[in-house]
Amino acid sequence: MTDPKPARTDAELGRTLADFSVPSEPGNERLAMETVAESAKGLGFSGENLERLKTAVAEATMNAMEHGNHYRPELPVELQVLVTDQDLLVRITDRGSGPPPKEEADAPDLLAKLEGVQTPRGWGLFLIKSMVDGMNITGDEGHHTVELVVHLEAEGGK
Amino acid sequence: MDVRHLNVEVRLEEGIAVLDLVGEINGFAEEALNAAYAEAEAKDPQTILLNFEGVDYINSTGIALIVGLLAKARASHRSLLACNLSQHYVEIFNITRLSDFMSVFPDEQTAVVEASES
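Keep in mind that what you see is a predicted model, and the values were worked out from it rather than measured.

A.B. asks: Give a description of the overall build of chain A that names residues and reports values.
C.D. replies: Per the secondary structure count, chain A includes four helices and six strands. Secondary structure elements of chain A, listed N to C terminal, follow the sequence β-β-α-α-β-β-α-α-β-β. When the 158 residues of chain A are sorted by exposure, 38% land in the buried category. Of the contacts formed within chain A by residues at least 6 apart in sequence, a portion of 62% connects residues at least 24 apart.

Listed below in C-alpha cells is the structure:
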C-alpha cells in the first residue's frame, strides 16, 4: 500500500482525508477498509455506522481488484476519502476498460441460489448499496470509479 | 495486512455438530469450511451449528460459501444454525435473508437448547 498522502483542501470537493492505493491482491480489501475507517473515525463514525462503511469499502475494493484489475498486483486500486459539509465520499478507482459496471443491485434471489438455479455468489453490489446512502459509478477508457456517499447528518458526529 | 486464515474445529454437543470458526470467512476459507462441514456431516447430526465467535470478518465471497453450506444442509434435510454473530453480521444475515433460512442465536447455549427442544 502506498502511504496515505497528507490531507489537502479542494475547494470544489471539500477536504481530502486520505488518498492512497493498494495492489490488486486478494485480502487487500481489508487494508483499504481499515485505512478508510481510520479517516472516518475522525468524523465521529463509530459502532454500526462504521461497520457499514467498512463493509461497503471492502466490497467495492474487492470488485475493483477482481472485475476492474483482474487481480493483477501491478494494477493499483486507488482510494480517496473526501468530506464535504454534508457527506463523506469514498472514491474507489480501478483500471477497468469498457462501459462502467451497472449500478442496479436488486436483492439477489437467495432461494434460487439455494436450489442451484443461480450461483451462490453475486452479493457484492447488493451489500454495497445496502450499507451506504448513495453510490455513483463513472468511467472512461481506462478507469472505473465507484463513489460511496454517506450523509454525515446520519452520523450525528460530524 | 495479513489475512487471518480460517481454522475450524468440529465437536458434538448434545447431538448437535458445532463448527467453531476462527478467522476470516472469505475466498481463502473455502477449503477449510467445506472440509469441516463434511467432517460434521459424517457424524450424521440432525443439526449443524456454525459458531461465529472467533470471526471478525465475512465478505461477500464468505456469504456465498455460507449459502453453499445452507444448500447442502437443505439437500440432506438437516438444520443449519448460527450463533455468536456480531450485531453487524446479524444485520447482513437479515438483509441477505440468510436468517430466513437459518436461525440465528445470540450464543451457543441458547442455540443448543432451542435445537434440542425442537
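From this point, things continue past the structure.
A.B. asks: Account for the interface of chain B and chain A, with residues named and values stated.
C.D. replies: The interface is formed by 21 residues belonging to chain B together with 21 residues belonging to chain A. For the side of chain B that touches chain A, the elements supplying multiple residues, two or more each, are helix 2 (60-75), helix 3 (87-95) and helix 4 (98-101) of chain B. When residues in the side of chain B that touches chain A are grouped by element, the largest group, nine residues, is from helix 2 of chain B. For the side of chain B that touches chain A, the residue count by class is 11 nonpolar, eight polar and two charged.

A.B. asks: So, unusual backbone geometry: which residues are in play, and what are the values?
C.D. replies: A positive phi angle, close to 55°, is found at A:Tyr71, a residue other than glycine. Residue classification places A:Tyr71 among the partly exposed positions, given that 15 C-beta atoms sit within 10 Å. The backbone of B:His77 sits at a positive phi, close to 55°, despite the residue not being glycine. Mapped onto the elements, B:His77 comes out in the loop between helix 2 and strand 4 (79-83).

A.B. asks: Give a detailed account of helix 2 (residues 47-68) of chain A, specifying residues and quantitative values.
C.D. replies: All names here are of chain A. With 22 residues, helix 2 extends 31 Å from end C-alpha to end C-alpha; this agrees with the ideal 32 Å at 1.5 Å per step. Of all 22 residues that make up helix 2, 16 are buried, and the element is covered over most of its length. Positive phi shows up at His70, right after helix 2, with a value of about 50°.

A.B. asks: Residues and numbers for the packing of helix 2 of chain A against helix 4 (residues 124-131) of chain A, please.
C.D. replies: For any two helices packed against each other, one specifies the crossing angle of their axes together with the interaxial distance. All names here are of chain A. Contact geometry of helix 2 with helix 4 gives a least axis separation of 8 Å together with a crossing angle of 150°. The crossing of helix 2 and helix 4 is left-handed. Contacts between helix 2 and helix 4 involve Arg52, Thr55, Ala56, Glu59, Ala60, Met62 and Asn63 from the first element and Gly124, Leu127, Ile128 and Met131 from the second. Per-class residue counts for the contact of helix 2 with helix 4 are six nonpolar, three polar and two charged.

A.B. asks: Tell me what's going on with the sheet that holds strand 4 of chain B, and back it up with residues and numbers.
C.D. replies: Residues and elements named next belong to chain B. Pairing in this open sheet of five strands is mixed, and the strands run 1-2-3-4-5 from one edge to the other. Every interior strand has two partners, whereas the edge strands, strand 1 (7-13) and strand 5 (104-105), have only one. Inspection of the sheet shows strand 3 (residues 47-58) paired to strand 4 by five bridges, in the parallel sense. Along strand 4, the bridge assignment pairs Thr47 with Ser79. This element, helix 1 (residues 30-42), spans strand 1, strand 2 (16-25) and strand 3 of the sheet and lies at about 15° to strand 1. Set on the sheet, helix 5 (residues 108-117) makes contact with strand 1, strand 2, strand 3, strand 4 and strand 5; between it and strand 4 the angle comes to about 155°.

What counts, and where the lines are drawn
- Residues numbered from 1 in each chain as written.
- Chains lettered and ligands numbered in written order.
- Predicted model: local features only at pLDDT ≥ 70, side-chain atom pairs only at ≥ 80, totals over all residues.
- Helix = DSSP H or I, 4+ residues; strand = E, 2+ residues; numbered from the N terminus.
- Buried ≥ 20, exposed ≤ 12 C-beta atoms within 10 Å, placed from the backbone.
- Contact = placed C-beta atoms within 7 Å.
- Nonpolar A, V, L, I, M, F, W, Y, C, P; charged D, E, K, R; others polar.
- Expected span 1.5 Å × (residues − 1).
- Axes fitted to C-alpha atoms, helices over the stretch in contact; angles between N-to-C directions.
- Left-handed = near helix turned anticlockwise from the far one by under 90°.
- Pairing = 2+ DSSP bridges.

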